[in-house]
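Spelled out from the first residue to the last, the chains are:
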Amino acid sequence: MPRDPVCGMVVDADKAIKRKIGDRTYHFCSETCARTYEQPERELKAMRRRVTMALLGVVSVATLRVMAMLGLTVAIMALKIVGISALDLALFVVSTPIVWIAGWGIHHGAYKALKNRAINMDVLITTGVLAGWGYGAVSTFFPALGSEGYGYLEIAIAILAFVLLGKFIEETIRRRSAAAIRKLLKLQPTIARVLKDGQEVEVSIDDVQVGDIFVVKPGEKIPTDGVVVSGLSSVDEKIITGESIPVEKNVGNEVIGATINKTGLLKVKATKVGEDTALMQIVHLVEEAQSANAPVQKLADRVVGYFVPAVFTVAAIAFSYWLISSGNFSTAFLVLLSILLIACPCALGIATPTAILAGVGKGAEYGVLLRGGEYVENVRKLNTVVFDKTGTLTKGEPSVTDILTFESYKENEVLEFVAVAEKGSEHPLAEAVLKAASKAGFNIPDAETFEAVPGHGVKASLRDHVILFGNRRLMEENKISLKGSTESHLTKLEEQGKTAMLLAIDGKIAGIVAAMDTPKDNAAEAIKQLKNMGLEVAMLTGDNERTAKAIANQLGIDTVIANVLPWEKVNVIKKLQSEGKVVAMVGDGVNDAPALAQAQVGIAIGSGTDIAKETGGIVLIKDDLRDVARGIILSKATMRKIKQNLFWAFIYNTVSIPVAAVGLLNPIIAAGAMAFSSLFVVSNSATLKLLKL
Ligand SMILES: [Mg+2]
C-alpha cells in the first residue's frame, strides 16, 4: 500500500489521487495533499496575502483617520448617511473584511482551543479583535451609544495585522516537516530487475513480491530488503546504518534496500517489500516521533492561560460595578469592551517571532541554523546531549593510523607496496591508503597484475614481487604463517578499534597497516565545552563496543551505547526521556532521523544527509562540533529575549486595564501604549545582535 507523502496516511493505490513527478508516481489521500506536495509554498503564500491585506488595511484606515484629524476630509466628515457618519462607515467597511477574512484562521484557532477547554494566544486575540470590531460597529451604527468609542476599530485591525505578521515570520522560519519524509521516500529505488524464467525483467518496485529473485549490478541501489542467493560483493550501507566502511556480502547474507552495491554482481531474494522494508520502518519512526511530539505549549500560551481568566474577572467586576452605580447598561458595556480590547496587545503577537528571527539571524553569522521556535523553547531544560558516532563525532571515513614493519622493510616501502596493491581496488581501506600515500608524496606506479580476492583482500605484482594485502584468511590461503609477535600486534590494533591488514611480499609478512575512522578536529574540545556547561554527554552508535569505546576515550565521553540498530536509536532516546532527561540528539545520517525527531532538540550536521537536516531543529552548517554549544547558548539567549518581550508586551496592557476599568481609557493612550510596547519588543529583540558566541 502506498503512503501519502504529505500527511503520511496509507492510501489505496487504486482510489488514491495520483501524481507523476519525475520517474515516480506519488499517491495522495486528497487534492489538498497533492497540491501541498506540488507547491509546498502555497500555504505560505496564502499567509502572505492575509498579512498584506491586514497591513494595507491598517495603513489606509490610519490615513483616513489622520486626514480627518487634519480637516482634509471635511466633506466626508460632515457627510451623514441616515444619521451615520460617512467616515465611520468607511472605516467599518475597510476593517470588517480584515477582521473576518484575514483573521478567520485565528478565530477558528480560538474556537478549537475553547472547544478543548484550553486558553491560548488565539483566544486572547480573538476576544480583543472582536471586542474592538464590535465596539467600532456599535459606535458607527449607534453613534449615541458609542460616541467615545472612535479609534478602536483601528486598534483591532492593528492587533490582527501584527499577530498575522508574527505568525508569518514564524512560518517562514519553520519549514514543512513533511519534507523529511518526502526526501526519505525519494531514497527508495523505483525499479528492480527481477528474474522471470531466467530472463531479467525490469519491474516497478511496487510490483516486487517476497520471494522474487532480482539482480543488482555494481554501482546500483539494492531495490528492497533481501538475502543474497548468489554472488559476492561489498555493499555501502552508510545511507541506512551510518557506518562508513562497506560491508562484505556473501551467499546467505542479508542486504538492505536503498543501500549501494559496490563491486560484484549480486542475485538477491526479496524478503521484505513495501511497508515492511528497513527504509519504510525508518519513515514510520520519523512520522511517529514527529506526530507524537505534540508541540510543547508555547511560553506565550502558558502566560495567556493565567492572564485571560484574570482579565475576564476584572472585566466582569468592572461591568457589574458600572451597571449598578450608573444604572446605564451601555456605559457598563463600553467599559467591558474597552477592557477586553486593551488586554490584547499588538506586541504580544510579535514578542516571540521577532526574538526568534533575531536569534536565527545571529545564528546564521556562525553557521548555526535555528529552524523554529519550539526547539528554542525546548533548549531551556536541556540536560543531556547524545552524539551519533560515525560522521558526527568522527570524520566518517577511515584514515591510516599505524604502519608497522617487519623483516628489513621501511615504513615508506610498506606504504608504497600497499598503495600499489590498493590502487585499482574498491576495498574499504583503499581510499585511506591512497590518501596516506599521496600525503607522503609518492608517485604510485600501476601494478603489473592485479586481482581482488573478495572478502579477503588483494593480490598484485610489481617488479617481479608478489604482493598480498588483506586479512588473516588471505595469508592462510596463500600458506603464509604469522609469527606470534605479528599476531599479537594485530590483536592489539584490533583492540583499539582499528581495522588492521597484513602485507606480504614474496611470501613473507612485511608489514601491518591499520586504519580507523578518526574523530573530527574539534570534537574533544566541543565535548569539553558541553560538559563545562553542566550537560551530560553520551555516544550512540551502531558500531561495536570496542571501536565505540576507543573513540569515546579519546574524546572524554563517559557514556557509550553501542551495537544499536538504526531503528533502535529512537528507543534509546525515548528511554532517556522516560528517565526524565531532556535530550538533544546530534546526528548526520538517515539512521539518526527518527532519533533527531524524537529528541526535544534535534541537531543535524550540515555535511550529513538531507533527511537529517530536514528533521533537525538546529542545523550546523559548518562541520565544527563546537557549534553544538553555540547553538545551545544562542537558543538560551533567544529564550531570554522571548521572556523579556512577553513581559514588556503584557506590562503596558496590564497597567492600562485598571484605567479602562475606571472608565478613563482614551483610545489615543491605548494606541500609544501599544505602539510603544511593540517598538520596545522589536528593539529588544534586535539587541540579540550584540551577543558574543
Ligand atoms: Mg552517522
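Presented here is an overview of the structure given in this document.

1. Looking at the overall build of the protein chain
Across its full length, the protein chain carries 26 helices and 26 strands. In terms of C-alpha radius of gyration, the protein chain reaches 33 Å, well past the compact-globule figure of 26 Å for 693 residues. Along the longest, intermediate and shortest principal axes, the C-alpha atoms of the protein chain span 110 × 60 × 45 Å. By residue count, 52% of the 693 residues in the protein chain fall in the buried class.

2. Notes on the sheet that holds strand β12 (residues 260-261)
Across the sheet, three strands lie side by side as β10-β9-β12; this open sheet has antiparallel pairing. What marks the edges here is a single partner per strand, and that holds for β10 (247-249) and β12. As paired strands, strand β9 (residues 233-236) and β10 are joined by three bridges and run antiparallel to one another. Residue pairing in the sheet places Val235 in a bridge with Val247 of β10.

3. Points about the nonpolar core
Of all hydrophobic cores here, the largest spans 112 residues; its most connected members are Ile159, Ile339, Val385, Phe387, Leu530 and Val628. Counting residues in hydrophobic clusters, the runner-up holds 24 residues, among them Phe417, Val418, Ala421 and Val513.

4. Observations regarding the packing of aromatic side chains
Inspection of every chain in the model, using the stated rule, returns nine aromatic pairs. Their ring planes at 85 degrees and their centres at 5.3 Å tell us that Phe647 and Trp648 sit as a pair that is edge-to-face. Taking the relative accessible area as the measure of exposure, Trp648 reaches 31% and is therefore partly exposed. With centroids separated by 4.9 Å and ring planes inclined at 45 degrees, the aromatic side chains of Trp648 and Phe680 adopt a geometry described as tilted.

5. A look at the packing of helix α4 (residues 86-102) against helix α7 (residues 152-173)
Relative orientation of the contacting elements α4 and α7 amounts to 35 degrees, with a least axis distance of 10 Å. In the crossing of α4 with α7, the sense of the turn from one axis to the other is left-handed. The segment α4 lies against α7, with Leu91, Phe92, Ser95, Ile98, Val99 and Ala102 engaging Leu153, Glu154, Ile157, Leu160 and Leu164.

6. Observations concerning the environment of Phe142
Inspection of the secondary structure puts Phe142 in the loop between α6 (121-141) and α7. Between the C-alpha atoms of Phe142 and Ile84, which are 58 residues apart in sequence, the distance is 8.0 Å.

7. What about the pattern of salt bridges?
By the definition in use, this model includes 25 salt bridges. Of the charged contacts in the structure, one is a salt bridge between Glu220 and Arg193, with a shortest N-O distance of 2.0 Å. Highlighted residues: Glu220 in the loop between β7 (213-216) and β8 (225-231) and Arg193 in strand β5 (residues 191-196), separated in sequence by 27 residues. We classify Glu220 as partly exposed; its relative accessible area is 23%. Where Arg630 meets Asp627, a salt bridge forms, and the shortest distance between an N and an O atom there is 2.5 Å. Of the two residues, Arg630 and Asp627 are both situated in helix α25 (residues 626-661); the distance of three residues between them amounts to about one turn of the helix. Look at Asp627 and you get buried, because its relative accessible area is 0%. What you see here is one network of salt bridges that share partners, running through Arg193, Glu200, Glu202 and Glu220.

So, how was this worked out
- Residues numbered from 1 in each chain as written.
- Predicted model: local features only at pLDDT ≥ 70, side-chain atom pairs only at ≥ 80, totals over all residues.
- Heavy atoms only, no water.
- Helix = DSSP H or I, 4+ residues; strand = E, 2+ residues; numbered from the N terminus.
- Rg over C-alpha atoms; globule rule 2.2 N^0.38 Å.
- Buried < 20%, exposed > 50% of the residue type's maximum accessible area, 1.4 Å probe, protein only.
- Pairing = 2+ DSSP bridges.
- Core = buried A, V, L, I, M, F, W, Y, C linked by side-chain atoms within 4.5 Å.
- Phe/Tyr/Trp six-rings, centres within 6.5 Å; stacked < 30°, edge-to-face > 60°.
- Axes fitted to C-alpha atoms, helices over the stretch in contact; angles between N-to-C directions.
- Left-handed = near helix turned anticlockwise from the far one by under 90°.
- Contact = heavy atoms within 4.5 Å.
- Salt bridge = Lys/Arg side-chain N within 4 Å of Asp/Glu carboxyl O.

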